[in-house]
Amino acid sequence: MKRIFINTCIVLSLIFTVNVSFAQNNNTASENKSERITHDLSGYHWKVQGTLPGRGLEEKFPEISYDHMGDALNWATAHVPGDVFTDLWRVGRIEDPHFGRNSVKAKWVNEYEWWYLRIFNVPKEMKGKKIDLTFDGVDYACDVFLNGKMLGSHEGMFTDFSFDVTDLVSFDFKRRGRNVLAVRLHPAPRRYSQVAGRKPAWHGDYWVDLVPTGIWKPVRLEAYESAKIEDVYVQTKLGKNGSADLDIQVELNNEGNSDELVDIEIEIKGENFESKTYSTTIKKQLTSGVNEFKTSIHIPKAKLWYPWDLGDQNLYIANVSVKNSKNKLLDADNTVFGVRELKMEMNPGYTKNEVENPWTVMVNGKRHFIRSGTWGGPPDIFFGRASKEKYEEFVKLAKAANMNNLRIFGWHPTEIPYFYELCNREGITVWQDILPIASLSLPKTEEFKKAIFSEAISVVKDLRNHPCMVIIEGGEEILMTASDPLHNLNLMKELGEVVKPYTNLHYVPVSPLSDHVGIKLGFKPKESTHANGLFYGEGHKNMEQFFNSKDFAAVPELAISSCPNVESIKKFIPEDELWPPGPSWGHHWTDFDTFRTLNFDALNTQATGSMQEFVDATQIAQGVIFQYGLEYFRRRKPKSSAISICHYITFAPDMKWGIVDYYQQPKISYEYVKMAYQPLLVSLEHERRRWLPGEEFIGKLWVVNDMYKEFKSCKAEVVFYDNNKKEVQRETIEIGNVKEDSSKKYATVNCKVPGKLGDQFHVKIEMKDKSGEVVSENSYLLLVGDEKVDLPRLREIGKEARDKKAKYGSHNYLRYFEGLNGAKGIKQADEKMPTVKEFDKN
């Protein structure tokens, strides 16, 4: 934690040999349980007011008194944790920024400074102790005042910070509070490049240049004696015969002016299961300033933490307390962790000239094939609307879709602690860009470098005890988009060295490594790729041509877009713009031409006849493409070891990414991903999706097993259906035993293609084990079509898209609305609601 005060820090690193005692524990709360005294200042007792920059100090806002009928009586009600936009929306000062094009009208908010006020009493239990005022996170820069005195300033969203307020607080009790806390939020930054790493981007191809700002994490008072526990870090190593060794590091800050002899008590026990308690007491002489010590505890029969498809999610808790020589409690803290050992291994099948980095995550000796989705979170870009219930629902849906990993990449912030707690308990691992650094050229000043390094250390220390964490990363797409990619790369490599002393997690400097720029800078050609070319290629290739040529160890992104569900669209698009699509569709990043190409590729139709038809088609196309790509990479196991769809969710209602929309509603594509991500997957490889009528369809039957469980005497039933879902062929195939952690081709499947040109045909597969239980099932949508006719038409639609972008620019949605772009002979918006001509049949 960043303490804003003047002090001389002395760091001592001592290693102790200890005797460990243990006793039976029934996990009931102890009557003598030691906890730090805290007073949470979160909630609705805050007020907010905006002024032009500098005006708040001119009006002496920090000197506002605690009088009930005082100057802040009619300030707007606010909530902390939260954000300015949500507070203003709740009281009616702005319209919902997510609806229609309201976000454009709310940009004035970023030109103001915003003052947050909290009046409170201090609990009497804190009297006589050291008292800190602690902020877990402020977005982005602030000044803090207490009872009229300036405490200090802070900049950076991801570092917590605190102030010693022992001598500033009043213990007088007033019914509505006696102490006045004022926080001045600086006007929001306007250039992402200058704050990258300390604040996520607020632009990109699914947001609208509205800059969130606010006190986004809790604020509290903390009381303790002279010594404070600043950090507890538990590293775990597996030993022989099911044992584990815990290497425990504790950081203590002694704020007294003299040395002090203390007892440091450590207690380890099961957090979500019954276990013995392992404890030790260590005597240590604390010097003034920061003290660090390390010790080890041995657990004879440790219960391990695994991803959900590999084992159980056992969690331990480490309780740490500090007492002086008179047995008086000075401070106490705890952390939850899991016993698990991570190792990275090379992917087989590549030469050193193709791949030189390890991409296979091994958890407790088991291969963890990563089936991931990029977490486009938080659940709302406005933190005041990102409730715990939304986090719970999104994480639950990810697991239900058979994801065993979520990737937080550089367009999105490090998450709140509750997200990682959910992942710990659900057995979902996390692939984490340490800081939000994405798609830009990074500043070259020492000041910038020092700032992001400090932020990165803070983030790593916050995350490192979570067993869900498996990979950390530097920057997102900062080679291919940068004017000086070498500078970016060197900075990200240096970042990796900076955080190395604080974690043993595997670090990847940038993603992807094997784009054209990465290869020029020395990375090998088959390390990692962002398989987004089908989306951005606009009909240049169909999905089969695109995926079947890919050969990479890891795929951190595979991007395809779709619309939200119709009922969701009605919540953020004005009624008079619903259909034919009006400008608000464009404002929410609908790429109509890309959708037409993807729809035609997957379904052989552009599907522009009605809103329901179009929306369903985009979701089916997204699902079919995801299914084809995911199964392709999964069959390559163990040569490929990680795949992530882009995105799983996004933080605002948009017409772009995600298989679950902003309103927590799964799309049709969600079911396709759920099938393709089954830990035990029966899969039909097919090099083409278009087949002529009467042609012999040829497919290859595979089974991929990511679990460490063998399935014996399996059989697969393969059924073909025509366009009317009428059965045309059924075949039972003997699979035999499916080995654990395997991928294997078992048979070739043939069928005469039913129907006529323009039809669809379908395949359903059901695999049963020896007992007759269905252990995996799958289905495929295929086309009766002529590639010689359809693929040139696909490219024509793509050319239409490219021609519009060449004329209007790729990020200008006015290209779709002739009623807004001055097209000759077309009524403009002052006479008629503009619509997309390809969708307007009138």
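In what follows, the accompanying structure is described.

The rules we used
- Residues numbered from 1 in each chain as written.
- Predicted model: local features only at pLDDT ≥ 70, side-chain atom pairs only at ≥ 80, totals over all residues.
- Heavy atoms only, no water.
- Pairing = 2+ DSSP bridges.
- Helix = DSSP H or I, 4+ residues; strand = E, 2+ residues; numbered from the N terminus.
- Axes fitted to C-alpha atoms, helices over the stretch in contact; angles between N-to-C directions.
- Core = buried A, V, L, I, M, F, W, Y, C linked by side-chain atoms within 4.5 Å.
- Buried < 20%, exposed > 50% of the residue type's maximum accessible area, 1.4 Å probe, protein only.
- Contact = heavy atoms within 4.5 Å.
- Polar contact = N/O pair within 3.5 Å; in protein donor to acceptor, adjacent residues only side chain to side chain.
- Lys, Arg positive; Asp, Glu negative; His and termini not counted.
- Salt bridge = Lys/Arg side-chain N within 4 Å of Asp/Glu carboxyl O.
- Phe/Tyr/Trp six-rings, centres within 6.5 Å; stacked < 30°, edge-to-face > 60°.
- Lys NZ or Arg CZ within 6 Å of the ring centre and 35° of its normal.

### Thoughts on the sheet that holds strand β10 (residues 149-155)
Either a parallel or an antiparallel arrangement is found when strands of a sheet pair, and the pairing is made through backbone hydrogen bonds.
Move 1: Taking strand neighbours across the sheet as the criterion, the six strands line up as β6-β5-β7-β12-β9-β10 in an open arrangement whose pairing is antiparallel. One side of each edge strand has no neighbouring strand; the edge strands of this open sheet are β6 (76-80) and β10. Sheet twist, expressed as the mean angle between neighbouring strand axes with direction ignored, is 30 degrees.
Move 2: Of the strand pairs in this sheet, strand β7 (residues 113-120) and strand β12 (residues 179-185) are connected by seven bridges, and their pairing is antiparallel.

### Quick word on the nonpolar core
Note that soluble globular proteins tend to have their nonpolar side chains buried in a common cluster.
Move 1: The biggest cluster of nonpolar side chains holds 194 residues, and the ones touching the most others in it are Y116, L181, I268 and Y648.
Move 2: Here the element with the most residues in this core is helix α15 (residues 611-635); it accounts for ten residues.
Move 3: Residue contacts for Y648: discarding those within four places in its chain leaves G373, T374, W375, F394, L397, A398, M403, L406, G658, I659 and V660.
Move 4: Counting 29 residues, the second largest nonpolar core, distinct from the first, contains V738, V763, Y780 and V784.

### Regarding the sheet that holds strand β28 (residues 506-511)
Move 1: The strand order across the open sheet built from eight strands is β28-β27-β26-β25-β24-β31-β30-β29, with neighbouring strands paired in parallel fashion. Looking at which strands have only one partner, the edges of the open sheet turn out to be β28 and β29 (528-530). Along the sheet, successive strands turn relative to each other by an average axial angle of 25 degrees, direction set aside.
Move 2: As defined by bridge partners, strand β26 (residues 429-433) adjoins strand β27 (residues 469-476) across four bridges and the pair is classed as parallel. Within the sheet, the bridge partner assigned to Q432 lies in β27 and is I472.

### Describing the side chain of S243
Move 1: One can find S243 in the loop between β14 (227-238) and β15 (244-254).
Move 2: By relative accessible area, which is 8% here, S243 ends up buried.
Move 3: One polar contact links the side chain of S243 to the main-chain carbonyl oxygen of K240, over a distance of 2.8 Å.
Move 4: Setting aside its immediate chain neighbours within four residues, S243 contacts K237, L238, H298, I299, P300 and A302.

### Structural notes on the side chain of D433
Move 1: By secondary structure assignment, the location of D433 is in strand β26.
Move 2: Here D433 is buried and forms no salt bridge, its nearest opposite-charge partner R407 lying at an N-O distance of 4.2 Å.
Move 3: Filtering out sequence-adjacent residues up to four positions away, D433 remains in contact with R407, I408, F409, G410, T414, E473, G474, G475 and E476.

### Re the packing of aromatic side chains
Move 1: Scanning all chains against the criterion turns up 46 aromatic pairs.
Move 2: Note on W579 and F614: the rings are 6.0 Å apart at their centroids and 40 degrees apart in plane angle, and the pair reads as tilted. You can see W579 sitting in the loop between α12 (566-572) and α13 (583-587) and its partner F614 sitting in helix α15, a full 35 residues away along the chain.
Move 3: F614 sits in the buried class, given a relative accessible area of 0%.
Move 4: Taking 6.5 Å as the distance between ring centres and 50 degrees as the angle between the ring planes, the aromatic pair formed by W585 and F614 counts as tilted. With a gap of 29 residues between them, W585 in helix α13 and F614 in helix α15 connect regions that are remote in the sequence. Just as W585 is buried, F614 falls in that class too.
Move 5: Through a chain of ring-to-ring contacts, three or more aromatic side chains come together here, namely W579, W585, F592, F595, F614, Y813, Y816, F817 and F839.
Move 6: The aromatic ring of W89 is capped on one face by R385, whose charged end is 3.8 Å from the ring centroid.

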